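# Summary of structural features
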Amino acid sequence: MLPRDCSGRLVAELQGALDACAERQLQLEQSLRVCRRLLQAWEPTGTRASEPPPGPETNEEDPPPACTPSPQDLKELEFLTQALEKAVRVRRGITKAGETDKVPSPRSRSTVAPPGTIAFAPPQNPGRAGGRASDARPTKGPCQTTVPPKGHSERQLLSLGHKTRVGTGARAPRPGPGLRDQQMAPSAAPQAPKAFTLKEKGHLLRLPAAFRKVASQNASLWAQLSSMQTSDSTDATAAKTQFLQNMQTASGGSQPRLSAEEVEAETRRLWKACSLLRLRMREELSAAPTDWMQEYRCLLTLEGLQAMVGQCLHRLQELRAAVAEQPPRPCPVRRPPRASPSCGGGADPAWSPQLLVYSSTQELQTLAALRLRVAMLEQQIHLEKVLMAELLPVVSNTQLQGPPWLTLCRAAHSLLCEGGARVLTILRDDPVD
Amino acid sequence: SLPSGPSPEIFRRAKFDRPEATPALWQLLFRVLAPLPLDNPLASLAPEVQARLVKSALRSQGYPRLALAQLPEDGSQGSRELLLALSWLLARGPVPEQMLAQTRVPLGDEMTVCQCEALASPGPPAPQVRAEDPVDVRYVQWLMGKLRFRWRQLVSSQQEQCTLLSKIHLYTSGCHGDQSLGHLSVAEAEMLRDPEGGQQVRGFWSGNPQNLDLAYLKGLHFSCTPGMGPRTFWKDLWLVCEQPGLLLGDWSLLSPLRALLRTLECENRRLEAVLTWRRTELVFWQWMDTVLDTCAPRAPAAASQGTFLPGIPEHRGGELELVAWELRALQEELQEAAECRRAAWEAKAGGCGRGPEWSAVRRASREAVEKELGALQRCWEQDRDPAQPHGPHRLVRREDGAAGDWDLRAAEVIRTLRSQEACLEAVLHQLQGQCRQGLARLAGALPGLIWIPPLGR
């Protein structure tokens, strides 16, 4: 058994690592669910869990009712068709000129008017494909009374209407939806709820205009901010530096004390230096120089590396001294996002909207796999350090003898030297009597 | 309910160290230094605790003025000092931009290239360490095995996700209004598929339901008109620092799409506020100089640290020792290798003559090597690779892989990651090697046993 505090720390670290993995896995699985669902057929919305509309089985394409339309429905349908056609005519005039941002995203409409008021004759019958004419005035009173329960589906229709419009839009812009509806309506029944897959119709989708507008504004603002950061005005920078200096002198401090963060950052840098130097050394030692000049360069490099290591050690001594003279600081409850050894810290510029462009599935997979691998390696290194700090003393100081000690040794070896993957074998070599 | 932000009046009063300005500034500092999602219990801490956290955070970042540590935590005085602390933070780094970045709404499928939010150990283990019962080392082995299994699972789930993502991007290419993007992201496609969120998995937008911002309404009220003078700064700054994440009472009635639009609009307002701030910030710094002037220059107080949170001291000392160990080991190896080579070289080239052309060649070699090593040194001294800024990037699929000047290409990122991988593997093997030696020494002390290492990789 391991001593109490050693156990505590080891278990805590490993459990933390396990929890972090589990959280990541959960996020991945959630994302996978969504992606899988997107790639399946996009179902008619009648299957949705939301409460009311009992009737409308709206979906992406022309949703037919589950049963043949009643005469009442057909009549309302006709009203609606007329309203749509009129709206389409009106629209044609308007949208020729301008922006599509009057386009009814049901969202923006709702923010303009209190929900429930519809500025557009809602489809009574599920057999309607969404019309685009939602900024036409409501033409039929009776239509509106049944709005609330059907509001839900109708909103969907509108968004779908966008898509259908575009789908048919290229060829037959305005009259498209209206006409189609008319033709479809009588033959609504035979038409199955057309679910479609992203594969077939994906390229026909269009985002709602309100969203597009806000999103493009968002993108351009971020781009402005990012370019402003990179070309920071020298006046402001100079003013800031001056201010910082003034503060330093006003506070009477001589040399800024090393903060905990800076020590951490330096330590990270030294780690990085160590590994880079080591890698370089390996390269040099394994390269077979072909001529004397290369040999000479190899020699110089090795000596140069040696000097650099010396410098690092010197810096380390300074750090050690600085740490020793300051009392141990408690860590703030929340640190800024913990920077990894590979990444720097300090006053980093904030996020900038750079795109990451890839060209094939293979490439994306490689990228993602490598990123995970790097993260995993960093975690492994951290755990290795913790294990070394906790286990090695235990192994060397333990009072155990015999089999329990051997178990400990085997376990320690496996954990420390093989990452827990393999275990060594110990054979008792009794002298033959 | 959300408290309203500090008015410009507060800041003016703080300049003259008026006590009534103090609580608001403590809060503002807290918001800046501990940017937490508001559903975190830490957000509802008592003011005294918040003040202590602020002090501690500032100290750990190296705030130079000792006066701050000596301020009472009840908010009764010290507003000028707090104002100085705030400006110090603003001067050191792009605080408003960082805060914006933290609460950004990700519209695309994003991947983080740098490891800042990596799975590496989540922060200090201190809060997690409880007085555990002593465990058997085999339990530790078991935990390790479990961890390795979870990693393997992650890898395979990740691969699957990449495939699906790639397909979605492929199938929706040509859809997006923005030409540079070209295709929809998962989030955008999902929004089209299910705008009302009837079937939606809650929290899809990485916490978006919580991102509704009461300040959105307030923000509309603060008209962000650019102006000269400190007045408008505070409005702009507060708008940015305002914590998103408050739930509107009736947000559940808003469809996720509408909530998203609202949030985006709010973010746009904040972006505009920061841009305004940046354009006119020079005036702010001039004003702050006057604030500094009104401070009586203090004699450096004794290095009394004041109160700080009871906590477990960092294990920094241990980390430094490990690095020291590593570096010393490396130094020994290098020394050996270099001396060996030097001897061989002298023996070989010693007789080759020392003509002028030799020394010219030798000098050229020296310069070349110095340059290479200088570049190597910059690799670790530079805190970051300027080509790869922090933070997640939106994934965009392009068949030809064409990327603009500002965009990252996957191939390059892969190259960088591979070299990082090599680096890290070297470190890990080194550490494991140390352990092997250490354990071998211990084992060697025992006669009568044969240690058979497992088959190597």
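Here the residue numbering is sequential within each chain, running from 1 through the sequence in written order. Chain A is the first chain written and ligand 1 is the first ligand written, with later ones labelled in order. Local features in a predicted model are, by the rule used here, given only for residues with pLDDT of at least 70; side-chain atom pairs are given and counted only at 80 or more, and totals for whole chains, interfaces and linings are based on all residues. Excluded from the side-chain calculation are hydrogens and water; included are all heavy atoms of the structure.

Before going further, it helps to examine the overall build of chain B. Of regular secondary structure, chain B possesses 13 helices and four strands. Only protein chains enter the calculation, and the probe is 1.4 Å; a residue is then buried if its accessible area is under 20% of its type maximum, exposed if over 50%, and partly exposed in between. Among the 457 residues that make up chain B, the fraction classed as buried is 51%. Throughout, a residue-residue contact means that at least one pair of heavy atoms, one from each residue, lies within 4.5 Å. Excluding contacts between residues fewer than 6 apart, the proportion of contacts in chain B whose partners are at least 24 apart in sequence is 76%. In these tables, accessible area is a Shrake-Rupley quantity obtained with a 1.4 Å probe, and a residue counts as shielded only by the protein chains included in the view. Of the roughly 20,500 Å² of accessible surface on chain B, 56% is carried by carbon and sulfur atoms. Put simply, DSSP marks the helices as runs of H or I at least four residues long and the strands as runs of E at least two long, and each gets a number from the N terminus on.

It is worth spelling out helix α12 (residues 361-397) of chain A at this point. Residue and element names in this part refer to chain A. The span expected for a helix works out to 1.5 Å for each residue beyond the first. In this model, α12 (37 residues) spans 53 Å end to end at C-alpha, consistent with the 54 Å of a helix rising 1.5 Å per residue. By definition, a residue's bend is the angle between the axes fitted to the seven residues ending there and the seven starting there. Taking the largest bend as the criterion, α12 deviates by roughly 30 degrees, centred on M388. Of all 37 residues in α12, 26 are buried; the element is thus mostly enclosed.

A word on unusual backbone geometry. Residue and element names in this part refer to chain B. With phi around 60 degrees, D17 is a residue other than glycine that occupies positive phi space. Of note, D17 is situated in the loop between α1 (8-15) and α2 (22-33). According to the relative accessible area criterion, D17 is partly exposed, its value standing at 32%.

In this complex, chain B contributes 226 residues to the contact, which on the side of chain A involves 208 residues. Here chain B and chain A share an interface that buries about 22,100 Å² over both sides, 69% of which is from carbon and sulfur atoms. Throughout, the accessible surface (probe 1.4 Å) given up by two parts as they are put together, summed over both, is called the buried area. It is Y171(B), R341(B) and W380(B) that lose the most area in chain B upon contact with chain A, and together they represent 4% of the buried surface on that side. The term salt bridge refers to a pairing of a side-chain nitrogen on Lys or Arg with a carboxyl oxygen on Asp or Glu at a separation within 4 Å. At the junction of chain B with chain A, the criterion picks out ten salt bridges. As a salt-bridge pair, E190(B) and R37(A) come within 2.7 Å of each other at their nearest N and O atoms. Within 3.5 Å is the distance limit for a polar contact, defined as a pair of N or O atoms, with the added protein rule that one can donate a hydrogen and the other accept it, and that residues adjacent in sequence qualify only through two side-chain atoms. Linking chain B with chain A are 38 residue pairs in polar contact (both at pLDDT 80 or more). Classes in brief: Ala, Val, Leu, Ile, Met, Phe, Trp, Tyr, Cys and Pro nonpolar; Asp, Glu, Lys and Arg charged; the others, Gly included, polar. Residues that form the side of chain B that touches chain A fall into these classes: 121 nonpolar, 47 polar and 58 charged.

Now for the pattern of salt bridges. Using the criterion set out here, one finds 32 salt bridges over all chains in the structure. Across the salt bridge formed by E284(A) and R280(A), the nearest N and O atoms sit 3.3 Å from each other. With a gap of four residues between them, E284(A) and R280(A) both fall in helix α10 (residues 260-286), about one helical turn apart. For E284(A), a relative accessible area of 13% corresponds to the buried category. Members of the salt-bridge network, linked through shared partners, are R280(A), E283(A), E284(A), R297(A) and E372(B).

UniProt positions are given in the numbering used here, feature names are shortened, and annotations may be inferred rather than shown by experiment. Summarizing the sequence annotation, UniProt attributes the feature "domain: Tubulin epsilon and delta complex protein" (unreviewed entry) to residues 62-200 and 257-293 of chain B in the numbering used throughout. As annotated, residues 257-293 of chain B has a helix share of 100% and a strand share of 0%, and its two end C-alpha atoms lie 51 Å apart.

On to the nonpolar core. Residues L2(A), F211(A), L391(A) and L416(A) are the most contacted members of the largest nonpolar core, which totals 128 residues. With 17 residues, α12(A) is the largest single contributor of residues to this core. If near-sequence neighbours (up to four positions away) are discounted, L416(A) is found in contact with E384(A), L387(A), M388(A), L391(A), L392(A), Q432(B), C435(B) and L439(B). Nonpolar cores were defined as sets of buried Ala, Val, Leu, Ile, Met, Phe, Trp, Tyr and Cys residues, with membership established by side-chain atoms within 4.5 Å. Formed by 42 residues, the second largest nonpolar core is a distinct cluster that contains W26(B), L68(B), L71(B) and W285(B).

The next subject is the sheet that holds strand β1 (residues 110-112) of chain B. Strands pair, by our definition, only if DSSP identifies at least two bridges between them. The sheet built from four strands is open, its strands ordered β1(B)-β2(B)-β1(A)-β3(B) with mixed pairing. Strands with a single pairing partner mark the edges of an open sheet, and in this sheet they are β1 and β3 (408-409) of chain B. Pairing between strand β1 (residues 355-358) of chain A and β3(B): two bridges, direction parallel. Looking at β3(B), one finds that L356(A) is bridged to L408(B).

All names here are of chain B. As a per-residue quantity, pLDDT reports the predictor's confidence and falls between 0 and 100. Across chain B, the average pLDDT comes to 73, with 71% of residues at or above 70. In the model of chain B, helix α8 (residues 214-221) stands out as the element of lowest mean pLDDT, 28, in contrast to helix α6 (residues 137-171), which has the highest, 93. A low-confidence stretch, residues 118-128 stays under pLDDT 50, and its non-local contacts, those more than four residues away or across chains, total 25 contacts. Of the regions scoring below 50 in pLDDT, residues 301-315 engages in 28 contacts with residues more than four places distant in sequence or in other chains.

Let us now look at the packing of α12(A) against α6(B). In this analysis an axis means a line fitted to C-alpha atoms, helices contributing only their contacting stretch, and an angle means the value between N-to-C directions, from 0 to 180 degrees. Relative to each other, α12(A) and α6(B) sit at 165 degrees, their axes nearing to 9 Å. When the interaxial angle is binned, α12(A) and α6(B) end up roughly antiparallel. Taken as a pair, α12(A) and α6(B) cross one another with a handedness that is right-handed. Split into classes, the residues belonging to the contact of α12(A) with α6(B) amount to 17 nonpolar, seven polar and one charged. Roughly parallel refers to an angle under 35 degrees, roughly antiparallel to one over 145, roughly perpendicular to one between 65 and 115, and oblique to any angle outside these ranges. In this scheme the handedness of a crossing depends on how the near helix is turned from the far one: anticlockwise by less than a right angle means left-handed, clockwise means right-handed.

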